[in-house]
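Structural description and commentary
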Protein chains: 2
Amino acid sequence: MTKHRLGVDEYVAGVRAGDRAVLGRAITLIESRRADDQVLAQAVVAALLPWTGGAHRIGITGVPGVGKSSLIEALGGHLTGLGHRVAVLAVDPSSLRSGGSILGDKTRMQSLARDPRAFVRPTPTLGELGGVARHTRETLLLCEAANYDVVLVETVGVGQSEVMVAQLVDCFVVLMLAGAGDELQGIKRGILELVDVLAITKADGEGVKAARWAQAEYRAALHLMRPRYPAWTPTVLTCSAQTQDGVAALWQAIREHRAALATAGVFSENRARQQVYWMERAIEAGLLERFHADPAVAGEQAAVAAEVRDGRMSPDHAAGRLLALFMRSMGR
Amino acid sequence: MTKHRLGVDEYVAGVRAGDRAVLGRAITLIESRRADDQVLAQAVVAALLPWTGGAHRIGITGVPGVGKSSLIEALGGHLTGLGHRVAVLAVDPSSLRSGGSILGDKTRMQSLARDPRAFVRPTPTLGELGGVARHTRETLLLCEAANYDVVLVETVGVGQSEVMVAQLVDCFVVLMLAGAGDELQGIKRGILELVDVLAITKADGEGVKAARWAQAEYRAALHLMRPRYPAWTPTVLTCSAQTQDGVAALWQAIREHRAALATAGVFSENRARQQVYWMERAIEAGLLERFHADPAVAGEQAAVAAEVRDGRMSPDHAAGRLLALFMRSMGR
C-alpha cells in the first residue's frame, strides 16, 4: 500500500474489507491531534457507524505484573481457535505521565499479533483521560466495522481508566494475582464494584493453591457487596496463561454474563445508556475545553484559584467570576 | 425578634454573636430560590468568610434504621458536655424524590436541640445534589462563623451524597448495623472507601455480641482495602446511643484521625484541595446550567439524545452539534 493520503471512501472500504493496514491508519487518524486529521477521522467514524455495535465488548484490567498480556494472548488465541475475530485495544492514560506503555513493547502478544483472525493495536494511546476515552471508543467502533466480533479493551487498574472502560464495554473482567498474605491488599478503590468476572491469574504449578485460596477470599468479598446488576453475581475463577487452564472457563463466564443480562433485558439498555453517557461527557468536556481555552478566563484563573485555596474567596464566588468572564467573552 | 428583612450587617452581627434565630434565618436565606435572597445570601457568606474554617467538620452517614439521629444526639450531648459548641446539619438530596426527610420530624434530637451549646437545623435541604452541596457548604461556614467548633453533617448512605459530604468534611464516619447474616450485605458502593471511622451501632444488651462480630468482619474488610490516607487506617468500633458505651471512644477516634492527618501534613492540604474541588464543581455546574438553559439547546436536545441512544448518531457528533448551538446562541 502506498502511503498516499486516503479519503473517507478509501478508509471506509478498507476498514469494511478488514484491511488491517487501513484499519491501523484509521486509528492513527483518530489519535492525531491535527485539526484536518480530526475532521477526516470524524467523517470516517460517522460513515462506518451503521456497521458498528456487533462485537462483544470486553474490558480487561489488572495491575502491572498480573500477567495481563499473557492472559489476553491466551484468551485471544482461544477465541480465534473458536472462529472469532478478535481485536485487542489498550487504554493507558498514564503513559503520558509515566512514559510507560501497555502494548508499546512489540515483542508482547507476538503470536496473537501474527494470528490472521486477530488485530492487536500495538501503540498505546497517549494523552489525558477524556481524549483517551474518545479515541478508544472510536477505535472500538472501527474494529466492529472491520468485522471483529470480540473486542478486548485492556487497561491498567491503577486509575480512573477502569471506570471509563466500564462505560465502553459489555463485560468487565478484573485479573488478580494471588499474593502471599492479604489477598485483597492493594485493590484499587472501586474496582470490585465494576467487576463482572474476576480471574485469579498464574494458577499453575506451585501457584494453584494460592490461587484457590484467593478465589475463596474474593468470592466472599464479592458476596458481601451489593451486585452491579441484580441479574448477575460476579464469577470468580482461576486461570493460567501458561497451561491454558481456566481460559475456556473465563470465556464461558463472559458469555454467561452476556446471556444473563440479555435475558434480564439489561444488555441493550446498558448500551443505550452508555451512548447517552458519552454524549453527556462530550458536552461537559466541550464546555470545559471552551471555558479553559478562553483567554479572559486563562488570564484570571490561577490568581482566583490561589485565593480559593487560601479561603480568601469562596469557591462559588470564584466560579461566578470566571463564568462571567467566559460569557462576556463569548458574547463578543 | 421582629421579622423585618435583615440587611447584611444585621445577619453578620447576629451570626457572629451566636444568635440562633438569626443563624436560622441566614440558612433559610441560603436555601431560598428567590434571586434577591440569593444575592443577599452570597453577600452574608462573603462577609462572614474571615471567621470560618475553625470547626472540626465531621460527616456521619448510615442507612435508615441504623440509629443515626440517636447516635448523633448521644455524640452531640457528649461533646457539649466537654464544652464544645455543636452544630448538626442534614444533607438529604433524596427528599425531593421520596418526600422523606432526615430531620424534618421535630420530635427527633429533642434534648440536643434544647441544649444551649448545640444548634440543630431541623429542616432538611431540598433539591438536587449540586444545590444541596452548595447550601450545606455555606450553612457549614455560617455555623463556623457563629463559633460552633464541631459541625456534624448527617447524610443517608444511599446515594451520591456521601461522596459530596466527604468533600465537605475533615472526617467521615460511617454507622453500620450488625445484621443477622452477612454483615456487609447491602453496603452502598464506595462507602467503605470513604470511611475514616466506622461505628457499629446498637451495641447494647442482646446486640453486643452481633456488634462485636460485625466489628471483626468490618475490620477484616477494611484491612483488605487500600487506605484512603497512608497516615490513617480506619478505626472500627462499637457503640450504643442507649447506654452511651463507645460514644466517648467514637469521639476519641475522630480526634486521633485529625491528629494523624495533621501530623502527616494532610489535614490542611485536604481543606485547600476541597476548596478548589468546589470551585471546579461550581464552574462545571454553572457551564451546564447555562448550556441547558439555552433555548436553542433545549429545543434540539431530546431529539438528538434519542438518535444517540439508537446508535444513529455518535455521542461526539451529537455533543458537537449541541455545543455549536450553544456557542452561537451566546454570540448573539
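Right, let's walk through the structure included here. The structure presented is a predicted model; accordingly, all values stated were derived computationally and were not measured. (Residues numbered from 1 in each chain as written. Chains lettered and ligands numbered in written order. Predicted model: local features only at pLDDT ≥ 70, side-chain atom pairs only at ≥ 80, totals over all residues. Heavy atoms only, no water.)

**Details of the overall build of chain A**
From N to C terminus, chain A includes 14 helices and seven strands. Across the 332 residues in chain A, those meeting the buried criterion constitute 53%. Carbon together with sulfur atoms contributes 55% to the accessible area of chain A, which is approximately 14,100 Å² in total. (Helix = DSSP H or I, 4+ residues; strand = E, 2+ residues; numbered from the N terminus. Buried < 20%, exposed > 50% of the residue type's maximum accessible area, 1.4 Å probe, protein only. Areas by Shrake-Rupley, 256 points an atom, 1.4 Å probe, with all protein chains shown as cover.)

**A short note on the relation of the copies chain A and chain B**
With an RMSD of 0.1 Å, the operation that places chain A on chain B is a rotation of 179° combined with a shift of 0.0 Å along the axis. Read as a symmetry element, the transformation amounts to a two-fold axis. Using C-alpha coordinates, one finds that chain A approaches the rotation axis most closely at Gly331 of chain A, a distance of 2.1 Å. Most of the interface of chain A is mirrored in chain B, where 100% of its interface residues again form contacts. (Least-squares fit on C-alpha atoms with pLDDT ≥ 70 in both. Contact = heavy atoms within 4.5 Å.)

**Some words on the packing of helix α12 (residues 267-293) of chain A against helix α14 (residues 315-331) of chain B**
Look at α12 of chain A against α14 of chain B: their axes get within 8 Å of each other, and the N-to-C directions meet at 40°. Of the possible angle classes, the one that applies to α12 of chain A and α14 of chain B is oblique. At the point where α12 of chain A passes α14 of chain B, the crossing takes the right-handed sense. Across the interface between the two elements, Gln275, Trp278, Met279, Ala282, Ile283, Gly286, Leu287 and Arg290 of chain A of α12 of chain A pack against Pro315, Asp316, Ala318, Ala319, Leu322, Leu323, Phe326 and Met327 of chain B of α14 of chain B. Each residue belonging to the contact of α12 of chain A with α14 of chain B can be placed in one class, and the counts come to 12 nonpolar, two polar and two charged. (Axes fitted to C-alpha atoms, helices over the stretch in contact; angles between N-to-C directions. Parallel < 35°, antiparallel > 145°, perpendicular 65-115°, else oblique. Left-handed = near helix turned anticlockwise from the far one by under 90°. Nonpolar A, V, L, I, M, F, W, Y, C, P; charged D, E, K, R; others polar.)

**A short note on the packing of aromatic side chains**
According to the stated counting rule, one finds six aromatic pairs over all chains in the structure shown. Relative to Tyr148 of chain A, the ring of Phe119 of chain A lies with its centre 6.0 Å away and its plane at 40°, an arrangement referred to as tilted. With a gap of 29 residues between them, Phe119 of chain A in strand β3 (residues 118-120) and Tyr148 of chain A in the loop between α7 (129-145) and β4 (150-156) connect regions that are remote in the sequence. Assigned by exposure class, Phe119 of chain A and Tyr148 of chain A land together as buried. Look at Tyr277 of chain B and Trp278 of chain B: their rings are 5.0 Å apart centre to centre, the planes differ by 90°, and that puts the pair in the edge-to-face class. (Phe/Tyr/Trp six-rings, centres within 6.5 Å; stacked < 30°, edge-to-face > 60°.)

**A word on the side chain of Glu138 of chain A**
Topologically, Glu138 of chain A is positioned in helix α7. We classify Glu138 of chain A as buried; its relative accessible area is 2%. In contact with Glu138 of chain A, not counting residues within four places along its chain, are Ile30, Gln42 and Val45 of chain A together with Asp316 of chain B.

**Focus: the sheet that holds strand β5 (residues 171-177) of chain B**
Residue and element names in this part refer to chain B. The sheet built from seven strands is open, its strands ordered β3-β2-β4-β1-β5-β6-β7 with parallel pairing. Each end of this open sheet is capped by a strand with a single partner; those strands are β3 (118-120) and β7 (235-238). Averaged over all pairs of adjacent strands, the angle between their axes in this sheet comes to 20°, without regard to strand direction. Of the pairings in the sheet, the one linking strand β2 (residues 86-91) to β3 comprises three bridges and is parallel in character. Its bridge partner lying in β3, Val86 is registered against Ala118. (Pairing = 2+ DSSP bridges.)

**So, unusual backbone geometry**
Residue and element names in this part refer to chain B. Residue Asn147 is not a glycine yet carries a positive backbone phi of 70°. Mapping Asn147 onto the fold places it in the loop between α7 (129-145) and β4 (150-156). A relative accessible area of 45% places Asn147 in the partly exposed class. Non-glycine residue Gln244 carries a positive phi angle of around 70°.

**A word on the pattern of salt bridges**
For the coordinates displayed, the defined rule picks out 25 salt bridges over all chains. Put simply, Glu269 of chain A and Arg273 of chain A hold a salt bridge, and the shortest N to O gap is 3.9 Å. You can see Glu269 of chain A and its partner Arg273 of chain A sitting in helix α12, four residues apart, about one turn around the helix. When its relative accessible area of 46% is taken as the criterion, Arg273 of chain A is described as partly exposed. For Asp316 of chain A, the salt bridge identified is with Arg137 of chain B, shortest N-O distance 2.8 Å. On the criterion of chain membership, the pair formed by Asp316 of chain A in helix α14 (residues 315-331) and Arg137 of chain B in helix α7 is interchain, its members lying in two chains. For Arg137 of chain B, a relative accessible area of 8% puts it in the buried group. Put simply, Arg5, Arg34, Asp36 and Asp37 of chain A are held in one network by salt bridges that share partners. (Salt bridge = Lys/Arg side-chain N within 4 Å of Asp/Glu carboxyl O.)

**Looking at the interface of chain A and chain B**
The partner chain B presents 54 residues to the 53 residues of chain A that form the contact. In total, about 4,900 Å² of surface goes out of reach between chain A and chain B, with carbon and sulfur atoms giving 63% of it. Counting across the chain A and chain B interface gives four salt bridges. Remark: the boundary between chain A and chain B carries four residue pairs in polar contact (both at pLDDT 80 or more). Sorting the residues of the side of chain A that touches chain B by element identifies α7, α12, α13 (295-310) and α14 of chain A as the ones contributing at least two each. Tallying contributions element by element places α12 of chain A first for the side of chain A that touches chain B, with 15 residues. (Buried area = accessible area lost by both parts, 1.4 Å probe. Polar contact = N/O pair within 3.5 Å; in protein donor to acceptor, adjacent residues only side chain to side chain.)

**Quick look at the sheet that holds strand β6 (residues 197-201) of chain A**
Residues and elements named next belong to chain A. One open sheet holds the seven strands; their spatial order is β3-β2-β4-β1-β5-β6-β7, and the pairing between them is parallel. Only two strands of the sheet have a single partner each, and these edge strands are β3 and β7 (235-238). The mean inter-strand angle of the sheet, taken between neighbouring strand axes irrespective of direction, is 20°. Where strand β5 (residues 171-177) meets β6, five bridges bridge the pair, whose relative direction is parallel.

**Side note on the pairing of β7 of chain B**
Residue and element names in this part refer to chain B. In this structure, strand β6 (residues 197-201) lies alongside β7, joined through four bridges in parallel fashion. Opposite Ala199, over in β7, you have Leu237 as the bridge partner. Each parallel crossover has a hand, and the one from β6 via helix α10 (residues 207-223) to β7 is right-handed. (Right-handed = clockwise from strand over helix to strand, strands pointing away.)

**Let's talk about helix α13 (residues 295-310) of chain B**
Residues spaced three or four apart along an α-helix point in a common direction, a consequence of the helix completing one turn every 3.6 residues. Of all bends in α13 of chain B, the biggest is about 40°, found at Gln301 of chain B. Within α13 of chain B, burial applies to Val297, Gln301, Val304, Ala305 and Val308 of chain B. Lining the buried residues of α13 of chain B we find α12 of chain A together with α12 (267-293) and α14 of chain B. Two to three positions downstream of the cap, the backbone nitrogen of Ala296 of chain B sits 3.2 Å from a side-chain oxygen, assigning the N-cap of α13 of chain B to Asp294 of chain B. Among the residues trailing α13 of chain B, Gly311 of chain B stands out with phi positive, at a value near 85°. (Bend = angle between axes of the 7 residues up to and from the residue.)

**A word on the environment of Pro64 of chain A**
By secondary structure assignment, the location of Pro64 of chain A is in the loop between β1 (56-62) and α4 (68-81). Sequence spacing of Pro64 of chain A and Val156 of chain A is 92 residues, and the spatial spacing of their C-alpha atoms is 6.8 Å.

**Digging into the packing of α12 of chain A against α13 of chain A**
Residues and elements named next belong to chain A. For the pair α12 and α13, interaxial distance at closest approach is 5 Å and the crossing angle is 75°. One finds that α12 runs roughly perpendicular with respect to α13. Each of Phe291, His292 and Ala293 in α12 lies in contact with α13, whose residues at this interface are Pro295, Val297, Ala298 and Gln301.

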